[in-house]
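# Per-entry structural report
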Amino acid sequence: MTRAQQTLSIGLLVASVYMVAFLGLAPLPAKIQDDIIPVLPIWAIVSFGAYLLFKLGYGVATFNDVPEAHQELMREIQEARADLQKKGVEVD
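Let me begin by describing the structure that accompanies this report. (Residues numbered from 1 in each chain as written. Predicted model: local features only at pLDDT ≥ 70, side-chain atom pairs only at ≥ 80, totals over all residues. Heavy atoms only, no water.)

If you walk through the whole model with that rule in mind, you get 2 salt bridges. A salt bridge links Asp35 to Lys31; its shortest N-O distance comes to 3.0 Å. Placement of the pair is Asp35 and Lys31 together in helix H2 (residues 30-36), with a separation of 4 residues, close to one helical turn. What makes Asp35 partly exposed here is its relative accessible area of 42%. (Salt bridge = Lys/Arg side-chain N within 4 Å of Asp/Glu carboxyl O. Helix = DSSP H or I, 4+ residues; strand = E, 2+ residues; numbered from the N terminus. Buried < 20%, exposed > 50% of the residue type's maximum accessible area, 1.4 Å probe, protein only.)

Turning next to the packing of aromatic side chains. The full count for this structure, using the stated rule, is 2 aromatic pairs. Taken together, a centroid distance of 5.7 Å and an interplanar angle of 20° make the contact between Tyr18 and Phe22 stacked. Of this pair, Tyr18 and Phe22 are both found in helix H1 (residues 3-22), 4 residues apart, which corresponds to roughly one turn of the helix. A relative accessible area of 40% places Phe22 in the partly exposed class. Aromatic side chains Phe54 and Tyr58 sit 6.3 Å apart centroid to centroid with 25° between the ring planes, which places their arrangement in the stacked category. Of the two residues, Phe54 and Tyr58 are both situated in helix H3 (residues 40-61); the distance of 4 residues between them amounts to about one turn of the helix. (Phe/Tyr/Trp six-rings, centres within 6.5 Å; stacked < 30°, edge-to-face > 60°.)

Quick look at the structure:
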């Protein structure tokens, strides 16, 4: 099963469970049925967004500098400039 099929299967399962709860096909207390179930998708979207923002912030905070990669990139830029100047292209 590919990742897309797995994600689609889980999404359909969650959507079907939500629809059963939303349409009242499953016996739930009135408080849950009237107050919680209708706002559950909005809560899920907000929670997912908060998770993604946390993940992005954590990735930025733990981003590692790689001085060797910087030096290699600068060397490649100098080689490209020298090659272009040999071919008559003016590079500043």
